[in-house]
Amino acid sequence: MRSNSYIVKYFWTFSLFLILGFGKIFYGCSSSDSPFQSSNGPSNASGTVFETPLEFDSGENPISIVSGDFNGDNETDFVVASSRKQDGISTTADGTLTFLKYTSSSSSRFPFTSNTISPTTEEWRQDMVSIDYSGDNITDLVVTNTDEDKIKFLLNDGSANFSDNGSIEVGDVPLSIISGDWNSDNQTDLAVVNRDDKSVSILQNSSGIFSLSQTLSVDERPIRTASGDWDEDSDVDLAVLLRNSRQIQIWLNSGTGSFSKQTTSYSVGSAPIDMITGDWDCDDNLDLAVSNSGDDTISLIYGEGNGTFASPVTIDTGRGPGSMASADFNNDNKIDFVVGHRFLVSTPGVSLLTGDFSLTLSDTSSSTGYASSVSFATTTEEDGAPPAEIIIIDADNDSKLDLLITLPLVKKLAVLFGNQYTGSLTCP
């Protein structure tokens, strides 16, 4: 363990992440919100399925990460956002972006150079999406201004120079944002989860101008939303994850971007955190997966293709599952899961927030369809670090799946090169 000064520093950072939204989590700090506690430390396994992590500075508080061609060279770049920064025992807004530019001349296996993009005024940017909202074939950014109950548009000039391009008010405490074409007009729209007024704001795009078209009133405390064509009628529907009631609500699209709540909702596990969508069994029906930090499980909810879902299947995972990503790592035509974990390691008189990540592979011999998870280190730090967001890519073009993981507590972006599985990001 580290010195007491380290423990004190990261105790307050731990409080910050519980209160402000660690890895898209956003809820008050209470006993029921505390992460899994154990005397066992995080995994330090590396060099097997994934190589030893490489780490890069990524701001004071790197949480959200998005990809896109931000400088028009037809290569994928990345932007990492820092939401807030620690100032003693308090926090202040930040909003710094770290731009990771693909550099073809680099001999590095991670061929990216970085520079910092600072906002004109420090802002609490909890989440972001990368989209071409202006229709000029240049990838822009949209960020949540969480403490101002707004989203802000950052217009890209084509060289990764972003300028403020207006904002729009949404609900109370917007903490998560996704994009999609809700009304099938070939323009990218937005959906924003507003925690404190129990709503989701639906914003439609008309030639780069957004307007609030509908407010979805949900039962309580929404924390995530996901999109997909649940009823296979060629328009995009929504699912909303509710933390306190441990429910997923399904909202079907009329085809014009107007959503209606379905009668049936779906129960998940204790203290759900993240929700993603994909075709887990590769049957051409979209499914959902939810990480449940309170009972160390993942709920798999298989889509029927008609707007309904089967009863959730529960699979065990490591301690304190949070952020998730999915791909077919072992080429068996079924999707596997990478899960970030956060938990407290307790020793006499001291508790330290830490974490690691795990890989859960499909296994047809298992009753759940999945094997036991295997955990790996996220960082070279001896005490570990909990992930905020995970992206699966092939960073070095060797056909093996790699990981990018944001690590807020150590202020790093970790790159983990895969050295075992030559897989696929989607179903074949």
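Preceding this section is the structure that the text describes.
Residues numbered from 1 in each chain as written. Predicted model: local features only at pLDDT ≥ 70, side-chain atom pairs only at ≥ 80, totals over all residues. Heavy atoms only, no water.

This part covers the state of the cysteines. Considering all chains together, one arrives at one disulfide under this definition. The side chain of cysteine 282 participates in a disulfide bridge whose partner is cysteine 427; the two sulfur atoms lie 2.1 Å from each other. Taking the sign of the S-S torsion, -90° for the link of cysteine 282 and cysteine 427, the bridge is left-handed. Of this pair, cysteine 282 sits in the loop between β22 (272–278) and β23 (287–292) while cysteine 427 sits in the segment after β32 (412–416), and the two are 145 residues apart along the sequence. (Disulfide = S-S within 2.5 Å. Helix = DSSP H or I, 4+ residues; strand = E, 2+ residues; numbered from the N terminus.)

Turning our eyes to something else, we now look at the nonpolar core. The biggest cluster of nonpolar side chains holds 21 residues, and the ones touching the most others in it are Phe50, Phe329, Leu359 and Leu403. Elements with a minimum of two residues in this core: β26 (321–327), β28 (350–360), β30 (389–393), β31 (402–407) and β32. Considering each element in turn, this core owes the most residues, three residues, to β31. For phenylalanine 50, the residues in contact, after removing those within four places along its chain, are Phe329, Phe357, Leu359, Phe376, Leu401, Leu403, Leu416, Phe417, Gly418 and Asn419. (Core = buried A, V, L, I, M, F, W, Y, C linked by side-chain atoms within 4.5 Å. Buried < 20%, exposed > 50% of the residue type's maximum accessible area, 1.4 Å probe, protein only. Contact = heavy atoms within 4.5 Å.)

As summarised here, the arrangement of the four strands in space is β13-β14-β15-β16, forming an open sheet in which the pairing is antiparallel. Whereas interior strands pair on both sides, the edge strands pair on one side only; in this sheet they are β13 (174–180) and β16 (209–217). In this sheet, neighbouring strand axes are inclined to one another by 20° on average, regardless of whether the strands run parallel or antiparallel. Across five bridges, strand β14 (residues 189–194) lies against strand β15 (residues 199–206) in antiparallel orientation. The partner of leucine 190 across the bridge, within β15, is leucine 203. (Pairing = 2+ DSSP bridges. Axes fitted to C-alpha atoms, helices over the stretch in contact; angles between N-to-C directions.)

This part takes up the packing of aromatic side chains. Enumeration according to the criterion identifies 19 aromatic pairs in this entry. Arranged with centres 5.2 Å apart and planes meeting at 35°, the rings of phenylalanine 56 and phenylalanine 110 form a pair that is tilted. With a gap of 54 residues between them, phenylalanine 56 in strand β2 (residues 54–57) and phenylalanine 110 in the loop between β7 (97–102) and β8 (112–117) connect regions that are remote in the sequence. On the basis of relative accessible area, phenylalanine 110 is assigned to the buried category, the value being 2%. Considering the side-chain rings of phenylalanine 70 and phenylalanine 99, the 6.2 Å spacing of their centres and the 90° angle between planes classify their relative orientation as edge-to-face. Of the two residues, phenylalanine 70 is situated in the loop between β3 (62–68) and β4 (77–82) and phenylalanine 99 in strand β7; the sequence distance between them amounts to 29 residues. Its relative accessible area of 4% is what places phenylalanine 99 among the buried residues. Positioned above the aromatic ring of phenylalanine 343 is the side chain of arginine 319, whose terminal nitrogen or guanidinium carbon lies 3.8 Å from the ring centre. (Phe/Tyr/Trp six-rings, centres within 6.5 Å; stacked < 30°, edge-to-face > 60°. Lys NZ or Arg CZ within 6 Å of the ring centre and 35° of its normal.)

Turning to the side chain of aspartate 402, a few remarks are in order. Structurally, the position occupied by aspartate 402 is in strand β31. Salt bridges are absent for the buried aspartate 402, whose nearest opposite-charge side chain, arginine 109, sits at 5.5 Å. Side-chain polar atoms of aspartate 402 contact the backbone nitrogen of alanine 395, separated by 2.7 Å. With near-sequence residues (within four places) excluded, aspartate 402 lies in contact with Ile391, Ile392, Ile393, Asp394, Ala395, Asp396, Leu416, Phe417 and Gly418. (Lys, Arg positive; Asp, Glu negative; His and termini not counted. Salt bridge = Lys/Arg side-chain N within 4 Å of Asp/Glu carboxyl O. Polar contact = N/O pair within 3.5 Å; in protein donor to acceptor, adjacent residues only side chain to side chain.)

Most of β15 is tucked away, with seven of its eight residues classed as buried. The hairpin formed by β14 and β15 contains four residues between the paired strands, and lysine 198 there has a positive phi angle of roughly 55°.

Take unusual backbone geometry next. With phi around 55°, lysine 198 is a residue other than glycine that occupies positive phi space. With respect to the helices and strands, the residue lysine 198 is situated in the loop between β14 and β15. Given a relative accessible area of 41%, lysine 198 falls into the partly exposed group. The phi angle at asparagine 333 is positive, at roughly 65°, despite the residue not being glycine. With respect to the helices and strands, the residue asparagine 333 is situated in the loop between β26 and β27 (336–347). Judged by its relative accessible area of 43%, asparagine 333 falls in the partly exposed class.

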